[in-house]
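Below are the chains, spelled out letter by letter.
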Amino acid sequence: MAKKRHKVQIISCADDKRAAGRTGWIVDEAPPGELTQGRLTVKVDAFWIADVLCETSELRPID
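1. Topic: unusual backbone geometry
Turning to step 1, where the next piece is worked out: Positive phi outside glycine occurs at Gln 37, with the angle close to 55°.
Turning to step 2, where the next piece is worked out: Topologically, Gln 37 is positioned in the loop between strand S2 (23–26) and strand S3 (40–44).

Encoded structure:
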């Protein structure tokens, strides 16, 4: 069974300000940890913006 990817709206993003207001998908398979300083990796739905690291407070889930 395929894992469901969680779609989110990026409210703000300290990692890359251009990602704010865009949508994306959480790509982490494990809870955020020490390596990412507690942030989630988000694949942004934009060609020119690479994956970004966002705090959970910077994201809004989309159903």
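2. Details of the pairing of S2
The two faces of the sheet receive side chains in turn, since in a regular strand these alternate between them.
Turning to step 1, where the next piece is worked out: Strand direction decides the pairing type here: strand S1 (residues 7–10) and S2, joined by three bridges, are antiparallel. By the bridge assignment, Gln 9 is partnered in S2 with Thr 23.
Turning to step 2, where the next piece is worked out: Here three bridges tie S2 to S3, and the two strands are oriented antiparallel to one another. Each bridged residue has a counterpart across the sheet, and for Ile 26 the counterpart in S3 is Val 42.

3. Concerning the pattern of salt bridges
Pairing between side chains of opposite charge can happen when the charged atoms of each approach one another.
Turning to step 1, where the next piece is worked out: Counted under the stated rule, the structure contains one salt bridge.
Turning to step 2, where the next piece is worked out: Close ionic contact of Asp 16 with Arg 18 constitutes a salt bridge, the shortest N to O distance being 2.9 Å.
Turning to step 3, where the next piece is worked out: A relative accessible area of 17% means that Asp 16 is categorised as buried.

4. Here's the deal with the side chain of Thr 41
Turning to step 1, where the next piece is worked out: When you line up the elements, Thr 41 lands in strand S3.
Turning to step 2, where the next piece is worked out: Residues within four places of Thr 41 in sequence aside, it is in contact with Trp 25, Ile 26, Val 27, Asp 28, Asp 51, Val 52 and Leu 53.

5. Concerning the state of the cysteines
Turning to step 1, where the next piece is worked out: Applying the stated criterion across every chain, the model contains zero disulfides.
Turning to step 2, where the next piece is worked out: For the unlinked cysteine Cys 13, the closest cysteine sulfur is that of Cys 54, found at 3.2 Å.
Turning to step 3, where the next piece is worked out: Judged by its relative accessible area of 3%, Cys 13 falls in the buried class.

Parameters and conventions
- Residues numbered from 1 in each chain as written.
- Predicted model: local features only at pLDDT ≥ 70, side-chain atom pairs only at ≥ 80, totals over all residues.
- Heavy atoms only, no water.
- Helix = DSSP H or I, 4+ residues; strand = E, 2+ residues; numbered from the N terminus.
- Pairing = 2+ DSSP bridges.
- Salt bridge = Lys/Arg side-chain N within 4 Å of Asp/Glu carboxyl O.
- Buried < 20%, exposed > 50% of the residue type's maximum accessible area, 1.4 Å probe, protein only.
- Contact = heavy atoms within 4.5 Å.
- Disulfide = S-S within 2.5 Å.

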